[in-house]
Amino acid sequence: MAWKTGQRPAGKSMRARAGAHAVALLLCLAVGAGCDNSQELTRTDSEKEANKILVELARHGVNGATKVPVKAERKTAFGIKVPPGELNRAREVLVAVDLPRATHGGYKAMAEQGGLIPTKSEERAKLTFAISEELANTFETYDRVVAARVHVVIPEKDPLRREAAKAGATATVMIKYTGLPADPPADGAAAPPAGTATARPTDPFADSPVKALDVQQIVARSVEGLETTNVFVTFNRTVPMAAAPEGGTAATGSTGSGTGSTGGDRTLLMQVLGVAAGFGLLSIFLIVLLVREKRRQRLAAAVEAPAGEVLA
């Protein structure tokens, strides 16, 4: 095969262009992958729980949180990713709101774990556990309830025991909730001086989302033979975290260091700089290819101009 002086074979030219396109594509992919440097904060099997986490993170000023579906063990889990600068703050928020919550089995778990020939004690234990889990699920549906635990004790029925000697069922309920924020002093009202005794409310858990009497009624009506007087209720009040002000920096705890919206702005700036640097490198690479192509065309034209000499 013969070609004119200064003219390259078509195969080499096509391979050179294909290689240039591949390098440019790899460079673009590398730049795009470098922009997404989020780290996984937690993972949950429930999409509803993942949405709750996103809501709480946004409410407390954690920017850039995303939900990513993850395939694991034939099931779809949901991972929560946040920028590296928001990781510490996001962990503090999850600890404060107790998310993601533990999954309660309830009646569904009892039905799925049934044995071939369950004993009477196993059936009784499963039923007691299922009732406790169902009651915990009920109390956790109230607003501001972080977690609920219910322990039900149902004594075994003994037909030989007298009615007066039979022990009744008992239950213990623990509810952890987020307290209401303290009301600021009214306009013009001076704050009490330090050391001044202030009147305490008669009920320290008056701001609980569910009252003790309601808890006793719900539990007593859910367990056969249980009286409301045998239901003990205890509360655990947590101090609410300060939500991030609009346009400001989220408040951090004593162990926080540089988290909040400042970290999110820094992460966004680094991403923008990474994109700009990637496009700059890509532009330089394309300019070099263009200059080399123009130079090759000029050399080919200079060789072909005097005489169209053909090489064998």
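Above: the structure in question.
Residues numbered from 1 in each chain as written. Predicted model: local features only at pLDDT ≥ 70, side-chain atom pairs only at ≥ 80, totals over all residues. Heavy atoms only, no water.

1. Here we look at the overall build of the protein
Quick reminder of the rule: The numbering of helices and of strands both runs from the N terminus, where a helix is a DSSP run of H or I of at least 4 residues and a strand a run of E of at least 2. Two residues form a contact once any of their heavy atoms are found within 4.5 Å.
If you tally the helices and strands in the protein, you get seven helices and six strands. For the protein, the sequential pattern of α-helices and β-strands runs α-β-α-β-β-α-α-α-β-β-α-β-α. Counting only contacts in the protein whose residues sit at least 6 apart along the sequence, the fraction spanning at least 24 positions is 72%.

2. Focus on the sheet that holds strand E2 (residues 66-72)
Heads up, the condition is: Following DSSP output, two strands are said to pair if at least two bridges run between them. An axis is simply a line fitted to the C-alpha atoms; with a helix, the fit covers only the stretch in contact. Between two such axes, the angle follows the N-to-C directions and lies from 0 to 180 degrees.
Sheet architecture is open: three strands sit in the order E1-E3-E2, paired in antiparallel fashion. Each having just a single partner strand, strand E1 (39-44) and E2 make up the two edges of the open sheet. Taking each pair of neighbouring strands and ignoring which way they run, the sheet shows an average axis angle of 35°. In this sheet, strand E3 (residues 75-82) lies alongside E2 in antiparallel orientation, the contact comprising seven bridges. Counted as the bridge partner of Lys71 is Thr76 from E3. Against the sheet, helix H2 (residues 47-59) contacts E1, E2 and E3, and its axis sits at roughly 10° relative to E3. Across the face of the sheet, helix H3 (residues 87-97) comes into contact with E1 and E3 while running at roughly 25° to E1.

3. Topic: the sheet that holds strand E4 (residues 145-153)
Strand order in the open sheet formed by three strands is E4-E5-E6, with mixed pairing between adjacent strands. Unpaired on one side and paired on the other, E4 and strand E6 (231-238) mark the two borders of the sheet. Here the strands of the sheet are splayed against their neighbours by 10° on average, with no regard to which way each runs. Looking at chain direction, strand E5 (residues 170-178) and E6 are connected through eight bridges and run parallel. Among the inter-strand pairings, Thr172 is bridged to a residue of E6, identified as Phe232.

4. Some points on a positive patch on the surface
Formally: Excluding any residue in a salt bridge, patches collect residues exceeding 30% relative accessible area, merging like charges within 9 Å and nonpolar Val, Leu, Ile, Met, Phe, Trp and Tyr side chains within 5 Å. Note on areas: these come from Shrake-Rupley sampling with a 1.4 Å probe, and a residue is covered only by the protein chains present in the view. In what follows, salt bridge is the name for a side-chain nitrogen of Lys or Arg lying within 4 Å of a carboxyl oxygen of Asp or Glu. All tallies of charge rest on Lys and Arg as positive and Asp and Glu as negative; His and the ends of each chain are not included. To locate a charge, take atom NZ for lysine, CZ for arginine, CG for aspartate or CD for glutamate.
There is a patch of like positive charges on the surface, built from Arg292, Lys294, Arg295 and Arg298. With respect to the helices, strands and loops of the structure, Arg298 is situated in helix H7 (residues 261-304).

5. Looking at the packing of aromatic side chains
Heads up, the condition is: Ring pairs are drawn from Phe, Tyr and Trp, using the six-membered ring of Trp, whenever the two centres fall within 6.5 Å, and their geometry is named by plane angle: stacked under 30 degrees, edge-to-face over 60, tilted for the rest. Think of it in three bands: residues with accessible area under 20% of the maximum for their type are buried, residues over 50% are exposed, and the middle band is partly exposed, with areas taken using a 1.4 Å probe on protein chains only.
In this structure the tally under the stated criterion is two aromatic pairs. Summarising the aromatic geometry, the rings of Phe205 and Phe235 are spaced 5.7 Å apart at their centres and angled 35° between planes, so their arrangement reads as tilted. Within this pair, whereas Phe205 is found in the loop between E5 and helix H6 (212-220), its partner Phe235 is found in strand E6, the two being separated by 30 residues in sequence. With relative accessibility at 14%, the residue Phe235 sits in the buried group. Within the aromatic cluster, the residues linked to one another by ring pairs are Tyr177, Phe205 and Phe235.

6. Focus on the pattern of salt bridges
A complete count under the given rule lists seven salt bridges for this structure. Note that Glu56 and Arg59 form a salt bridge whose closest N and O atoms lie 3.0 Å from each other. Here Glu56 and its partner Arg59 are both found in helix H2, three residues apart, which amounts to about one turn of the helix. Residue classification places Glu56 among the buried residues on the basis of a relative accessible area of 18%.

7. Description of a nonpolar patch on the surface
Residues Leu281, Ile284 and Val288 make up a contiguous nonpolar surface patch of about 280 Å² in total accessible area. Locating Ile284 in the fold gives a position in helix H7. What makes Ile284 exposed here is its relative accessible area of 53%.

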